[in-house]
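Next come the chains, spelled out residue by residue.
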Amino acid sequence: MSPQDGLWLRATKSEGYAVPVSTFPVTRLRRLRRTTGLRRLARETRLDLDDFVMPLFIGPEPLANPELPGLARHSVETLGAAADELERLGVKGVILFGIPEEKDEEGSGAWDDDGVVQRALRELHGRDLVLMTDVCLCEYTSHGHCGVLDGDHVDNDATLELLARTARSHVEAGADVVAPSDMMDGRVAAIREELPETPIVAYSAKYASAFYGPFREAAESAPAFGDRRGYQLDPANVREALRECEQDVAEGADVLMIKPALPYLDVLRAARERFDLPLAAYNVSGEYAMVKAAAAKGFLDERLAAMESLTAIKRAGADFVISYWTKELAGWL
Ligand code: PBG
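Residues numbered from 1 in each chain as written. Predicted model: local features only at pLDDT ≥ 70, side-chain atom pairs only at ≥ 80, totals over all residues. Heavy atoms only, no water.

## Brief notes about the packing of aromatic side chains
- Following the criterion strictly, the structure yields 9 aromatic pairs and no others.
- Look at phenylalanine 57 and tyrosine 324: their rings are 6.3 Å apart centre to centre, the planes differ by 10°, and that puts the pair in the stacked class. With phenylalanine 57 in strand E1 (residues 52–58) and tyrosine 324 in the loop between strand E11 (320–323) and helix H12 (326–332), this residue pair connects regions lying 267 residues apart in the sequence.
- Its relative accessible area of 0% is what places phenylalanine 57 among the buried residues.
- For tyrosine 324, a relative accessible area of 1% puts it in the buried group.
- Aromatic side chains tyrosine 288 and tryptophan 325 sit 5.1 Å apart centroid to centroid with 70° between the ring planes, which places their arrangement in the edge-to-face category. Taken as a pair, tyrosine 288 in helix H10 (residues 285–296) and tryptophan 325 in the loop between E11 and H12 lie far apart in primary sequence, 37 residues in all.
- In this structure tyrosine 288 comes out as buried when scored by relative accessible area, which is 0%.
- On the basis of relative accessibility, which here comes to 0%, the residue tryptophan 325 falls in the buried class.
- Of the aromatic side chains, those joined through ring pairs into one cluster are Phe57, Phe97, Tyr203, Phe215, Tyr282, Tyr288, Tyr324 and Trp325. (Phe/Tyr/Trp six-rings, centres within 6.5 Å; stacked < 30°, edge-to-face > 60°. Helix = DSSP H or I, 4+ residues; strand = E, 2+ residues; numbered from the N terminus. Buried < 20%, exposed > 50% of the residue type's maximum accessible area, 1.4 Å probe, protein only.)

## Comments concerning the packing of H10 against helix H11 (residues 302–316)
- Where H10 meets H11, the axes come as close as 9 Å, and the angle between the chain directions of the two elements is 155°. The orientation of H10 with respect to H11, classified from their angle, is roughly antiparallel. Of the two elements, H10 crosses H11, and the hand of that crossing is right-handed. Seen from H10, the contacting residues are Glu287, Val291, Lys292 and Ala295; seen from H11, they are Glu302, Ala305 and Ile313.
- The class makeup of the residues in the contact of H10 with H11 is 4 nonpolar, no polar and 3 charged. (Axes fitted to C-alpha atoms, helices over the stretch in contact; angles between N-to-C directions. Parallel < 35°, antiparallel > 145°, perpendicular 65-115°, else oblique. Left-handed = near helix turned anticlockwise from the far one by under 90°. Contact = heavy atoms within 4.5 Å. Nonpolar A, V, L, I, M, F, W, Y, C, P; charged D, E, K, R; others polar.)

## Details of the domain arrangement of the protein
- Under the domain assignment, the protein is made up of domain 1 (1–28) and domain 2 (51–332).
- Here domain 1 and domain 2 have C-alpha centroids that lie 53 Å from each other. (Domains from an automatic or database assignment.)

Right under this line is the structure:
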């Protein structure tokens, strides 16, 4: 008996054990992998710059970050030039994070009309970029938590009004989209009530992750005590993530976001299957930094590793991705 009979695998059954029946040699999956052209035709997922959003950090002083250029800091004054360059490269959206000059217990810099993000928004006005803002208090509070404190715990309900106030001030300064990342219960409803017309990208399933490390350095937002496990999701849970998404849909979110991305592709896939809203993923600072560090040591090719990672995030079900690679991706595509 030879493979040409097509009965080759079946034949072993007579020896007393079951084997899967292959349709080889009728089927040969390698046929479509032979050339670049064939692979292109068969490709299921593509990277398109339209689906990427670049994070921008704005602080009192510009601060280059040579190892992690995506996490460099701009000042309001230098931001215009950075945005011009992104626009020229074809980037379509940015998300702004502010590092205020002064922090306080409540995080009042977050809703200051003359705050760093508000000034940045006015600076960016009129450009062909979707202006998204991260709505959270952690960069603005002296203790670094995402809401106001009652003793040593974060007071959920007292924080809601402050988040809504922050979102409103962002929109008044020119934000197109607000993205609450604090993980308080009820924040989407509170913002929705304040802003009936503004798209809300909800960080619906934001996990208490070790992969935010480089961001917290850049944004000076590490909590002064404790951690964020009292409000961010337990990395072990996926059903709970879907309940968070459900709540955000009910409260009026326009887009659901899963964060981080790469360690949570199963969560992305589960959310994709359950909900019809657009789905976003946040390819966070630690995911970016790992590849950058490995590439700097010559352990892997950054461009290939980054494009593979971003493709995986899209394949898992994300419609768009917030990524520090957005600018570099513009050059690669
Ligand atoms: C603010 C916020 C964080 C990130 C986005 N928004 C930090 C945190 O929750 O500690 C992380 C982004 C990243 O790591 O790239 N709450």
